[in-house]
Amino acid sequence: MFKIKLLPIALVFCLLFPVIAAWSQEENVWAFGYRAGIDFNTTSPTAIVTGMRILEGSASVCDEKGALLFYTDGTYIWDKSHDTMPNGHNINPIKPFMLSGEYVPSTFSTTQAVAIVPRPRQDGQYYVFSLTAWDNWENGGKLYYSLVDMTLRNGLGDVVSGTKGVFLDSLLTERMSPAGGLSCNAWLTVLGQDRKFKSFEITAAGVDPVPSVSALAGGDTGMSNGCLVFSPDYRMLAVVQSVNTNYNALYSFDPANGRVSNPVLLFPENTRKAYGACFSPDNSRLYINADNDSIYQFNLKAGSAREIMASKRGVTSYKAISGMKRGPDGKIYLVGDRSAFSPSLSAIPYPNLAAPDCGFEPDVLKLVQGTYGIIGLPNDVPGQNRPVKTSQTLKLPCYQSDSFHMAALDTQGREYQWNTGAIQSAMHTRIPGTYWVTYYTGSCTYHVDTFHLVSFLPEDVLPGIKVRPACGKQANGSLLLTRPPANGLQYAFSWLDKHMDSIGAGDSINNLLPGLYHLRVRIGPACDTLIVIYLPEENYRVGIEADTLVCEGSNVVFRNSSDRHFETWQWRFGDGDSSHLQNPDHKYLSPGLYQVMLVGLGPVCNDTAYASVLVDPVARQLSFLADREAICTGEALTFTPLWDKPFSLLHWDFGDGRGLDEVADGRVQHAYDEAGTFEVQLIASFRVCPAKEFRDTLVVHPLPHVNLGPDTALCLQNKPLLLQNYLAKEANDRYLWSTGATSAGIMVRNAGEYYLQVTSASGCISREYITVHKDCYIDLPNAFTPNGDGANDYFFPRMLTPLQPLAFHMRIFNRWGHMLFETTGREGEGWDGRFNGQPQPPGAYVYWIEVCFGEGHKEQYKGNFTLLR
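Conventions and cut-offs
Residues numbered from 1 in each chain as written. Predicted model: local features only at pLDDT ≥ 70, side-chain atom pairs only at ≥ 80, totals over all residues. Heavy atoms only, no water. Helix = DSSP H or I, 4+ residues; strand = E, 2+ residues; numbered from the N terminus. Buried < 20%, exposed > 50% of the residue type's maximum accessible area, 1.4 Å probe, protein only. Contact = heavy atoms within 4.5 Å. Areas by Shrake-Rupley, 256 points an atom, 1.4 Å probe, with all protein chains shown as cover. Disulfide = S-S within 2.5 Å. Pairing = 2+ DSSP bridges. Axes fitted to C-alpha atoms, helices over the stretch in contact; angles between N-to-C directions. Core = buried A, V, L, I, M, F, W, Y, C linked by side-chain atoms within 4.5 Å. pLDDT = per-residue confidence, 0-100. Salt bridge = Lys/Arg side-chain N within 4 Å of Asp/Glu carboxyl O. Phe/Tyr/Trp six-rings, centres within 6.5 Å; stacked < 30°, edge-to-face > 60°. Lys NZ or Arg CZ within 6 Å of the ring centre and 35° of its normal.

(A) Spatial organisation of the overall build of the chain. Helix and strand counts for the chain stand at 1 helix and 78 strands. Here the chain, with 869 residues, has 46% of them falling under the buried criterion. For the chain, restricting intrachain contacts to residue pairs at least 6 apart in sequence, the fraction spanning at least 24 positions comes to 54%. Carbon and sulfur atoms provide 50% of the accessible area of the chain, an area that totals close to 41600 Å².

(B) The arrangement of the environment of I465 in detail. Turning to its location among the elements, I465 is positioned in strand β38 (residues 464-468). Counting along the chain gives 18 residues from I465 to R483, while the straight-line C-alpha distance between them is 8.8 Å.

(C) Seen up close, the state of the cysteines. With the rule as written, the count across this model stands at 3 disulfides. At a sulfur-sulfur separation of 1.0 Å, the disulfide partner of C471 is C605. In this pair, C471 sits in strand β39 (residues 470-471) while C605 sits in the loop between β54 (592-601) and β55 (606-616), placing the two residues 134 residues apart along the sequence. Since its relative accessible area comes to 2%, C471 is described here as buried. For C605, a relative accessible area of 1% puts it in the buried group. Across a sulfur-sulfur distance of 2.0 Å, C632 and C764 are joined as a disulfide pair. Around the S-S axis, the bridge from C632 to C764 shows a dihedral of about -95° and counts as left-handed.

(D) Just the environment of T677, in detail. Residue position: T677 is located in strand β62 (residues 676-685). Considered as a pair, T677 and G655 are 22 residues apart in the sequence and their alpha carbons are 8.8 Å apart. Beyond its immediate stretch of four places on either side in the chain, T677 contacts T697, L698 and V699.

(E) Broad picture of the side chain of S177. For S177, the location among the structural elements is in strand β15 (residues 172-180). The class of S177 is buried, set by a relative accessible area of 1%. For S177, the contacting residues outside a window of four places in its chain are Q112, W187, L188, T189, L228, V229, F230 and N379.

(F) Quick look at the sheet that holds strand β31 (residues 361-366). Taken in spatial order, the 4 strands line up as β28-β29-β30-β31 in an open sheet, and their pairing is antiparallel. Of all strands in the sheet, those with a lone pairing partner are β28 (324-326) and β31, marking the two edges. Adjacent strand axes in the sheet meet at a mean angle of 40° when their direction is disregarded.

(G) Layout of the pairing of strand β61 (residues 668-671). Across the two faces of β61 the burial differs, with V668 and H670 buried and Q669 and A671 not buried at all. As judged from the 4 bridges shared by strand β58 (residues 636-643) and β61, these two strands associate in the antiparallel manner. Bridging across to β61, A636 finds its partner in A671.

(H) Examining the nonpolar core more closely. With 21 residues, the main nonpolar core has F639, W652, F654, Y672, V680 and L698 as its most contacted residues. Contributions of two or more residues to this core are made by β56 (622-626), β58, β59 (649-653), β62 and β63 (692-701). With 4 residues, β62 is the single largest residue contributor to this core. What Y672 contacts, discounting residues up to four positions off in sequence, is I631, T633, G634, E635, F639, F654, D656, R658, F678, V680, L698 and V700.

(I) Inspection of the sheet that holds strand β45 (residues 527-535) at higher detail. Reading across from one edge, β42-β41-β44-β45 is the order of the 4 strands in this open sheet, with antiparallel pairing throughout. Both outer strands of the open sheet, β42 (502-504) and β45, are each paired with one neighbouring strand and no more. Neighbour to neighbour, the strand axes of the sheet diverge by 35° on average, direction disregarded.

(J) Region of the structure containing the confidence of the model for the chain. With 88% of its residues at a pLDDT of 70 or more, the chain shows a mean pLDDT of 85. In this model, residues 1-23 is a region of pLDDT below 50 whose contacts with residues beyond four sequence positions or in other chains number 49 contacts.

(K) Main features of the pairing of strand β44 (residues 515-523). Note that strand β41 (residues 491-496) and β44 share 6 bridges and pair antiparallel. Paired with Y491 across the two strands is I523, which belongs to β44. Pairing between β44 and β45: 9 bridges, direction antiparallel. In the sheet register, I523 faces β45, and the bridge partner there is C527.

(L) Expanded view of unusual backbone geometry. With an omega of 5°, the peptide bond between A355 and P356 qualifies as cis. In this structure, L171 takes a positive phi of about 55° despite not being glycine. Residue placement: L171 occurs in the loop between β14 (166-169) and β15. Its relative accessible area of 57% is what places L171 among the exposed residues. Phi angles above zero are rare outside glycine, and N511 is one such case at about 55°. Counting through the fold element by element, N511 comes out in strand β43 (residues 508-512).

(M) How the structure looks around the pattern of salt bridges. Counted under the stated rule, the structure contains 19 salt bridges. For E552, the salt bridge identified is with R620, shortest N-O distance 2.7 Å. In this pair, E552 sits in the loop between β48 (549-551) and β49 (555-557) while R620 sits in the loop between β55 and β56, placing the two residues 68 residues apart along the sequence. Looking at E552, the relative accessible area reads 14%, which means it is buried. Here R620 falls in the exposed class, since its relative accessible area comes to 56%. Residues D673 and R658 are paired through a salt bridge, measuring 3.8 Å at the closest nitrogen-oxygen approach. Placement of the pair is D673 in the loop between β61 and β62 and R658 in the loop between β59 and β60 (659-662), with a sequence separation of 15 residues. Residue R658 is classed as partly exposed on the basis of its relative accessible area, which comes to 36%. A single network of salt bridges, built from pairs that share partners, joins E27, K325, R326 and D380.

(N) Layout of the packing of aromatic side chains. Within the structure shown, the criterion is met by 42 aromatic pairs. Ring centres of F129 and Y145 lie 5.8 Å apart, and the angle between their planes is 45°; this geometry places the pair in the tilted category. Of this pair, F129 sits in strand β11 (residues 125-131) while Y145 sits in strand β12 (residues 143-149), and the two are 16 residues apart along the sequence. Y145 matches F129 in its accessibility class, with the two residues each being buried. In textbook terms, an aromatic cluster arises when at least three aromatic residues are bridged by ring pairs, as seen for F784, F795, W831, Y845, Y847 and F865. When the ring centre of Y440 is taken as reference, the NZ or CZ atom of R121 above it lies at 4.1 Å. Seen from the ring of Y735, K729 lies directly overhead, with NZ or CZ sitting 4.8 Å from the centre.

In structure tokens, the structure reads:
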């Protein structure tokens, strides 16, 4: 039932003034790359042409309505007409440098070349920070700033004279990002070559040259590129880099003092290189473009640092060297092509969702023909809060009051200042007149609330008002006035809507939407009073609870979670079917995304609720191909899976007690250690649909057996050795010896390495090696030292033979051919380095030895050796 109540007269003074909030649209137009640009002010983003030609970093800024003001590459500033501002040339003093054979601006290859920061409390003024590239050598990593005033040149803007190219810092990396502060200030954070974060504060007074300094935890910045990126709430800072070192981390940022702390190393293995990074609009997820070929997502709500690191999920393996940036439409964009000059942008359409539901749309936003994205996208612009003003002329009730209470619309602000000199959020007065209060909320939102007070009469001359609330957004509310007792005064009443337009003149008014209304009361000729009434709404809601992800053919049970007010129901399931049951169930026979609608009808209120049901298709095809039907033991086989819908997991069972789980969609290899016939099974698991499997058999042939026995030895001129396979030969086995022979055995007379290769009927090959050593020879030293120390004092051969020689004859000659020593003894000490009792000089000598091993076989040995002293 409707609730009817009398609006207390005291409520007349508790006025709720309408707040006109100017929402910031500073980043609705982007300028980047080779003359490329995007305008987000249209229903769908529209590609435009700009005057910019830049390799990496850029920045652009719009007014509060999204209209382009200017854009810059850190060296030049272009106005909204795409002309360079008169004083916007060379906004830093560093000269162009040579790159790929031509001279380019000093910021041409800076990762984050430029940043635009609105000057706090100075509407229409912007600081432009310019950071030179390290390709400038000794002039690389230098930071300058200039001030742009949009009131100049009839609103086209220009750089303020005397504020162009002001030096701020040097020895910096190519990283620079701005953030909003907590008290009408902003921060510009850079990373120095000394591994220190520096946050420069920007206030209405200007840029503080003394930064807040924090240390980088780990890593080595070097001259590497990459970027610094703030989260939308300015509470987190991501640092990535892609050259020389691989340091990618998440930090906490304090917008109260510009301090950076609490590092979380995102890739603990420290092997990832990254160029771009971007936070989701709701600050819950971080995306990193790593290794130039993959995009990863991290869940920043996962918990501890370890849990955040472990939450890494792949979004796509689409290759793109690119910065990343949130668009005003809530998507994350990156340069979309794999080439150096990309004609399109790619997008992550639902960045607040966990991967893979966040999605990835390659090359989704085409650029104007002849314009290209290259590497970078525009730097972020910290939002500038515009003044919020409320002003209303109020004719107060005509009755005497002790005092009137006036309060700012937001009592949680700061720096309250009334035109009376009061500094509280509220004040009291009995004096008619105009009053206003100024104050700040949030970071730097400036408010002006104005009150106009007139007229006083006794309280009992005003009517009372009964309010019957409206139901939701329906036009079924009503207002009824109760006239005061007869008092001889002449009354005239008229009803007004929130826009002060007349909507009736009787004692009551019906069919009203919830909201703000007014009753104008004229009492006699002197009193004209406006009573403000708020017509509330009774909220009865319908609700739907159901599984939002189901399998094709599944029965979905819909639970009606609506308020008890409603009596009848109308369901629409999105596929043409409907129901009037309170809690129906429905089967979806085709895959797709279905919009479910529930309409609740009650005696007073009607309401509608919507829900989406995603129906996954059932897999109808699953198989795999093997690159061969049969293999030999120990060989690897390649399996290629085939499917007709995305899966969440592939499980391989190779039939030999081993398996493999894969989330990728590529080929797998497997080797079998034993022969036999194996059944290979592939099972695909899906999000909600039943798993599907496929089986096939594989033959693994055994290897042929071969055994040549242990290594052996032979003596020259003795009987030859027989080499053969000691294992039985299988039918159709083919033999091939290292000598080329194909017989079952071979006779060898020489030392060396031999092998037998056996090929089975199924084509499997085994090979066995055997080494035959020489077993009859003598060993001769190449030097000796006859110095009497007991070591190597004599020259004599060492016999290495199982056969005792029948005869032995050794002679020693000097270099002139004179024989110095001779012996036929097989034992003894040998030559002691003397001749006729005299020690011979150091140098080279010649030996000649003849040995007879029996059966007339003789071996001769000739050579040189050295006498050392």
